[in-house]
Amino acid sequence: MPLLSSWESRTHPKAPPLTRLAAYATFFATRRSVVRYPYRLLPLSELTPEESQRREELLAELTELRAAALRSARPESGTVSEPDRPGRDDFWFFPDRNNITIVVAQLPKAMRDQMPYADPTKPDYVELYTYADLDALIELHGHIRALNPRSRVHFRIASGLAPDDYTSHLVLLGGVDWNVVTRELLERVDLPVRQVTRHDESESGGFVVGHGGDQRVFAPKLGTSGEHEVLQEDIAHFYRGPNPFNHKRTVTICNGMYGRGTLGAVRALTDERFRDRNAEYLRKTFAGLDAYSVLTRVTVVNGRVVTPDWNLPESRLYEWPEGRR
């Protein structure tokens, strides 16, 4: 009741968060919500195709009304304000306040042996130097912790997960070459996207889309600078769906053929210039779906990752489920 009062206040109204609007759309999409008392909110998986379509229409209408109210509000008047906690609508906000586990791979022993600070017997040993995708981990860990101050946010190497970690919200960084948890999760999900394993550092690998004879391969682009091979464009895979070990939690995969692809997939939803528009693209394109996937280009300029904008068709190579736009 206090929340409703704050939304309807004439002097200091607050905008309902998108999570509440999504619940309203689900509730009013079907009469089955009120066929018995107490009334209930049906899981999305139980909605019929017609009810799901109705939910999408309602959610689009409610979202637009909310956006119009926010656009028309003047900050100095105090007429409309965003939810009182910043980041409530961010993709990486988990409203259930449950544990969040970020999973990265450990670098292969042959690589660790070449690094002076990756040997635990040395005085200058730094454990993080043994992690793969370290830049993506640092980028994402701070972002998730800031948005979820009441959740316990851990990061683990794939081989060091405890049993309870598997049933938390899982965020997997890195591909099937080194991250065994990414490999395990993708085998449990019926996705038409498969990563081609790189057997050694001289191979670029790629992602295969489709089944049987109808397959396409998307591979990174490599060039040369002097005598060195340089990465010009990586391919990254982004996936969000239910955690197969606990369907009340989620699993998110950010996976590139190279580390900069993984970082690009992360920055698509953390970069302050692009995260809101990319999150909105996901909401509109995959409205009503628990699981979805985007295969994206990640441009690399002078060794630096350029954040992909998923609203540009040239940034998106493949989307699953297909035909959503």
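From a predicted model like this one, the values you see are computed outputs, not experimental measurements.

Looking at the pairing of strand β10 (residues 292-301)
In the case of a regular strand, side chains alternate between the two sheet surfaces. Burial analysis of β10 places seven of its ten residues in the buried class, the great majority of the element. Two elements, β10 and strand β12 (residues 316-320), share four bridges in a ladder whose sense is antiparallel. What sits directly across from Val-294, in β12, is Glu-319. Of the pairings in the sheet, the one linking β10 to strand β11 (residues 304-305) comprises two bridges and is antiparallel in character. Looking at β11, one finds that Val-301 is bridged to Arg-304. Once β10 ends, the chain turns through two residues before running back antiparallel as β11, passing Asn-302 with a positive phi of about 50°.

Considering the pairing of strand β9 (residues 246-256)
When you tally the buried positions in β9, you get eight out of eleven residues, the bulk of the element. The pairing of strand β3 (residues 169-173) with β9 spans four bridges and is parallel. For Leu-170, the partnering residue across the bridge sits in β9 and is Val-251. Counted along the chain from strand β8 (residues 228-243) to the antiparallel partner β9, the turn is two residues long.

Points about the sheet that holds strand β4 (residues 193-196)
With antiparallel pairing, three strands are arranged side by side in an open sheet as β4-β5-β6. Pairing within the sheet leaves two strands with one partner each, and these edge strands are β4 and β6 (214-218). Mean inter-strand twist for the sheet, computed between neighbouring axes without regard to direction, equals 25°. Pairing geometry for β4 and strand β5 (residues 206-211), over four bridges, is antiparallel. Across the sheet, residue Arg-194 finds its bridge partner in β5, namely Val-208.

Thresholds, definitions, all that
- Residues numbered from 1 in each chain as written.
- Predicted model: local features only at pLDDT ≥ 70, side-chain atom pairs only at ≥ 80, totals over all residues.
- Heavy atoms only, no water.
- Buried < 20%, exposed > 50% of the residue type's maximum accessible area, 1.4 Å probe, protein only.
- Helix = DSSP H or I, 4+ residues; strand = E, 2+ residues; numbered from the N terminus.
- Pairing = 2+ DSSP bridges.
- Axes fitted to C-alpha atoms, helices over the stretch in contact; angles between N-to-C directions.

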